[in-house]
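Structural characterization, general
So the chains spell out like this:
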Amino acid sequence: MPTVSEVIEEKIQFSTPEPIIQLENVSVSYRLPTERIGTFKEYAIRKLQRKIRLEKFWALTDVSLQVNRGEVFGLIGNNGAGKSTMLKVISKVLKPTKGRVVVYGRIAPLLELGAGFHPELSGRENVFLNGALLGYSRSEMESVFDEIVEFSELEQFIDSPIRTYSSGMFARLGFAVATAHVPEVLILDEILSVGDEAFQRKCNIRMKSFQQAGTTVLMVSHALDMLEGMCNRIAWIDHGKTQKIGEPQEVIAAYRGENL
Amino acid sequence: MASTSKPVYDSASYRVSAISELKELGKYRYLLGQLIRRDILTRYKRSVLGVAWTMLNPLGTMLILTFVFSNFFKSNVPHYPVYILSGLLVWNFFSQGTNAAISGLVWGGSLLKRIYIPSSVFGVSAIGTALVNLVLSLVPLVIVMLVDGAPFFLSMLFLPVSILLLTAFTLGFGLFISSLAVFFPDVAEMYQVLLTAWMYLTPIIYPESLISARWLPVYKINPMYWMVKMFRLPVFEGRIPTWQEFLPAFAWAIGMLVVGWIYFTSKTEEYAYRV
């Protein structure tokens, strides 16, 4: 995988819209037991009595949409509407209960910043651990290590244990690792609000450079103004169904109209 | 970025199988190494003696057990400390490895809900960590043998085979029990009790000669009986196992590994929903 700086120098030409993510009538149901069954005994007894009642909860119902290559696509909706479930279905974490998901590119999901960091390990060690969790190899991580340190502005602290980091330093390092490589598809789940203003500007510049390099970005956020500025299209999800897909302005206006 | 006409991921044809999980694990081998490294580095990171505890721990347990039990068994077991330690290493590897597989999958579960990682990586790395500890704890075994004046046998060269069988069995069992623990959280607790009982049913602190002939066939159902034997014969009795002794251990190791792997991977798609 090329590094950010390498790709910025390349010039990518855009052509006609080409699908990179396709959802065809996707439904996802979680089976929620009505009562928690935690022991074998309970389980065995109830299984015999046929008393295991599972309530099906449909987190997504019959969702179809297409994201094109190079697009910045936003997802909005109230809490529990199914946005995160949708990201999980796309990034291979959950298999859809019904329907089909097809992705034509390597997905680099943004792990919740710093999830998987170990407090006792140094920043350096955590960079490699976190990179490995995201599916990168040793050489892929070595090639971007210096850039990660520079971007996260942690030159002095990179060999100190992470438990000594401030929350801002923690988030900066997490963001730097997760975006060190230019992915084909980048998934952002409500995380662009890390660090101080200066660092946020840096994050935005990086996102823009990704866009120029042809990365498709799929983002979930409640920061509607930010989404309006960044996205090409937005989908509004409500109770597991797509309410509206289209121009950011229109969709956000409709969403606001409903929720005021 | 080259456009790809062939999908990278298609949920319609995506199915986790025993084979596909093995391939994914191969792709994530760097993560495997990183997880093992993390577990070894962090376990004793803030203690003064650090990794030396890996060796001091079984040594301490051995000393206590020797002190407590030597009066009982002294007459029929020469070099009792070596006898105990050689069995204890096997048992510690098994109990630590399987417990780490359970906690590893529970820890990894919080990640499995957010990003794609082949779920077997947590169990395999848990056993990998235990394996490193086992090899390290061969050092105190050698020290105890020297101090106690126990003879060294050429048959000890058989130990890599013993370790391989033990690892295969522990990995299979660890995957199986950790998978079960995802669906029934009580399993993790029950397992601690089971482990204690299991340890006393395996001739680790008492000599095999203490088991009455009537009960010996029952003892031989226990796979750990065979795993301990694979270790004790070359270290303690100075001979490599006969075929009659080797085959049960081999069958348990391969059988458990295959069953554990197939069971674990058959449940893989459900973990993100459950853990």
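This text goes with the structure placed above it.
Now for a description of the structure that goes with this document. (Residues numbered from 1 in each chain as written. Chains lettered and ligands numbered in written order. Predicted model: local features only at pLDDT ≥ 70, side-chain atom pairs only at ≥ 80, totals over all residues.)

Contacts between the two partners involve 37 residues from chain A, matched on the other side by 31 residues from chain B. Where the side of chain A that touches chain B is concerned, the elements lending two or more residues are helix 2 (40–49), strand 4 (98–103) and helix 4 (123–133) of chain A. Residues that form the side of chain A that touches chain B fall into these classes: 19 nonpolar, nine polar and nine charged. (Contact = placed C-beta atoms within 7 Å. Helix = DSSP H or I, 4+ residues; strand = E, 2+ residues; numbered from the N terminus. Nonpolar A, V, L, I, M, F, W, Y, C, P; charged D, E, K, R; others polar.)

The α-helix advances 3.6 residues per turn, and as a result positions three or four apart in sequence lie on the same side. All names here are of chain A. Burial within helix 3 (residues 83–90) is extensive, with seven of its eight residues counted as buried. Along helix 3, the residues classified as buried are Lys83, Thr85, Met86, Leu87, Lys88, Val89 and Ile90. Looking one or two places after helix 3, you find Lys92, whose phi comes out positive at around 75°. (Buried ≥ 20, exposed ≤ 12 C-beta atoms within 10 Å, placed from the backbone.)

Here we take up unusual backbone geometry. Residue and element names in this part refer to chain A. With a phi angle near 45°, Asn25 is a residue other than glycine that sits in the positive phi range. Take Asn25: it is sitting in strand 1 (residues 19–33). The phi dihedral of Glu153 is positive, around 55°, even though this residue is not glycine. For Glu153, the location among the structural elements is in the loop between helix 5 (138–152) and helix 6 (167–178).

With that settled, consider the environment of A:Lys83. All names here are of chain A. Inspection of the secondary structure assignment puts Lys83 in helix 3. Residues Lys83 and Asp189, spaced 106 residues apart in sequence, show a C-alpha to C-alpha distance of 9.0 Å. Excluding residues within four positions of it along the chain, Lys83 makes contact with Leu75, Gly77, Val220 and Ile237.

The next subject is the sheet that holds strand 5 (residues 107–109) of chain A. All names here are of chain A. Read across the open sheet, the six strands follow the order 5-6-7-3-8-9; overall the sheet is mixed. Every interior strand has two partners, whereas the edge strands, strand 5 and strand 9 (241–246), have only one. For this sheet the average axis-to-axis angle between neighbouring strands, irrespective of direction, equals 20°. Packed on one face of the sheet, helix 3 meets strand 3 (72–76), strand 6 (185–189), strand 7 (216–220) and strand 8 (233–238) and runs near 150° to strand 7. Lying on the sheet, helix 9 (residues 248–258) is in contact with strand 3, strand 8 and strand 9; it crosses strand 8 at an angle near 25°. (Pairing = 2+ DSSP bridges. Axes fitted to C-alpha atoms, helices over the stretch in contact; angles between N-to-C directions.)

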